[in-house]
Amino acid sequence: MPNVKLHYDIDGNDFTVAGQASSNLKKVLKQLGVSTEVIRKAAISMYEGEINTVIHGKGGAADVEISTDKLIITFTDHGPGIKDISQAMQEGFSTATDEARELGFGAGMGLPNMKKYSDALNISSVLGEGTTVEIIIHLT
Amino acid sequence: MLASELAKTLGLETVNAGETDNEVTGCYIGDMLSVVMSRAEEGDIWLTVQANVNIDAVAVLTGISAIVIVEGMKADEDTVAKAKAQDITIYQSDDTAYALACKISELI
Ligand SMILES: Nc1ncnc2c1ncn2[C@@H]1O[C@H](COP(=O)(O)OP(=O)(O)OP(=O)(O)O)[C@@H](O)[C@H]1O
Ligand SMILES: [Mg+2]
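A brief look at the structure comes next. Predicted model, so just to flag it, every value in this text is computed and none were measured.

1. What about the interface of chain A and chain B?
Logical step 1: Of the residues lining the interface, 24 residues belong to chain A; the matching set on chain B comes to 19 residues.
Logical step 2: Each partner contributes to the roughly 1,600 Å² buried at the junction of chain A and chain B, and carbon and sulfur atoms together form 51% of this total.
Logical step 3: Viewed at the interface, chain B and chain A are joined by zero salt bridges.
Logical step 4: Joining chain A to chain B, the criterion identifies eight residue pairs in polar contact (both at pLDDT 80 or more).
Logical step 5: Every element with two or more residues in the side of chain A that touches chain B is listed here: α1 (20–31), α2 (36–55), α4 (98–102) and α5 (110–117) of chain A.

2. What about the sheet that holds strand β1 (residues 4–10) of chain A?
Residue and element names in this part refer to chain A.
Logical step 1: Reading across the sheet, the five strands line up as β1-β2-β3-β5-β4 and stay open at both edges, with antiparallel pairing between neighbours. One side of each edge strand has no neighbouring strand; the edge strands of this open sheet are β1 and β4 (120–126). Looking at each pair of strands side by side, their axes are set apart by 10° on average, direction ignored.
Logical step 2: Where strand β3 (residues 70–77) meets strand β5 (residues 130–138), eight bridges bridge the pair, whose relative direction is antiparallel. If you follow D77 over to β5, its bridge partner there is T131.
Logical step 3: With respect to the sheet, α2 is in contact with β1, β2 (60–66), β3 and β5, its orientation differing from that of β3 by roughly 5°.

The rules we used
- Residues numbered from 1 in each chain as written.
- Chains lettered and ligands numbered in written order.
- Predicted model: local features only at pLDDT ≥ 70, side-chain atom pairs only at ≥ 80, totals over all residues.
- Heavy atoms only, no water.
- Contact = heavy atoms within 4.5 Å.
- Buried area = accessible area lost by both parts, 1.4 Å probe.
- Salt bridge = Lys/Arg side-chain N within 4 Å of Asp/Glu carboxyl O.
- Polar contact = N/O pair within 3.5 Å; in protein donor to acceptor, adjacent residues only side chain to side chain.
- Helix = DSSP H or I, 4+ residues; strand = E, 2+ residues; numbered from the N terminus.
- Pairing = 2+ DSSP bridges.
- Axes fitted to C-alpha atoms, helices over the stretch in contact; angles between N-to-C directions.

So, to be careful, I would describe these as geometric facts and stop short of saying anything about function.
Next comes the structure, spelled out in structure tokens:
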């Protein structure tokens, strides 16, 4: 499989456009002949990451690198950052606003889902500066 | 049972009939999108009070057979538009998720 790099800008103002990067990624992976199981894992992780970048990170970007054996997705934002990463990783922990909750977000399950559906999840964050979330999914 | 047959039997209002009429193999009830993404299984018919456009994304990601917006909630305009573009079947009903699920469990 050739090395493929994709870049997505994620608008921080519109909750309803989130999902575009994940559906595009899904299409690309299908074209590359990736298995449906891996596509499902990648697309769900991508969606959760996209939504977090919008509702918590105030917008940012996602970069995807697809190589023969793995997929690396990196979300970057310059939002408020995460105070306590291990707390953020807990199922049910959420600081989502009422506006986000009304739309069905805020269960505190996004990061746990990303962990469940990926082979590695690395978060680095600096308060007041931003957050980087990297997910690795093996393709083979 | 096919989604269209189930909808007919339950008297659901069709918001968008997708091009593909999926087989309903299970049922999932939930309103928190991340939980639905974690627990709903392919082929489930998904009952929810959520009516905003994000339900389309969840439907595509999970591979559920159809969405039923319950309790008299109405699909947003952009929810319908995206469902048309992405071949997602959506129904609406005034019934509760519980009432519908009880009937669904006897039908599928
Ligand atoms: N990019 C980010 N910037 C700042 N905080 C974040 C970011 N991503 C996650 N967090 C913090 O981690 C918490 C948990 O995130 P997680 O995705 O698990 O749940 P959620 O987004 O609140 O709800 P859900 O994903 O279930 O809709 C968030 O509520 C937020 O406090
Ligand atoms: Mg989240």
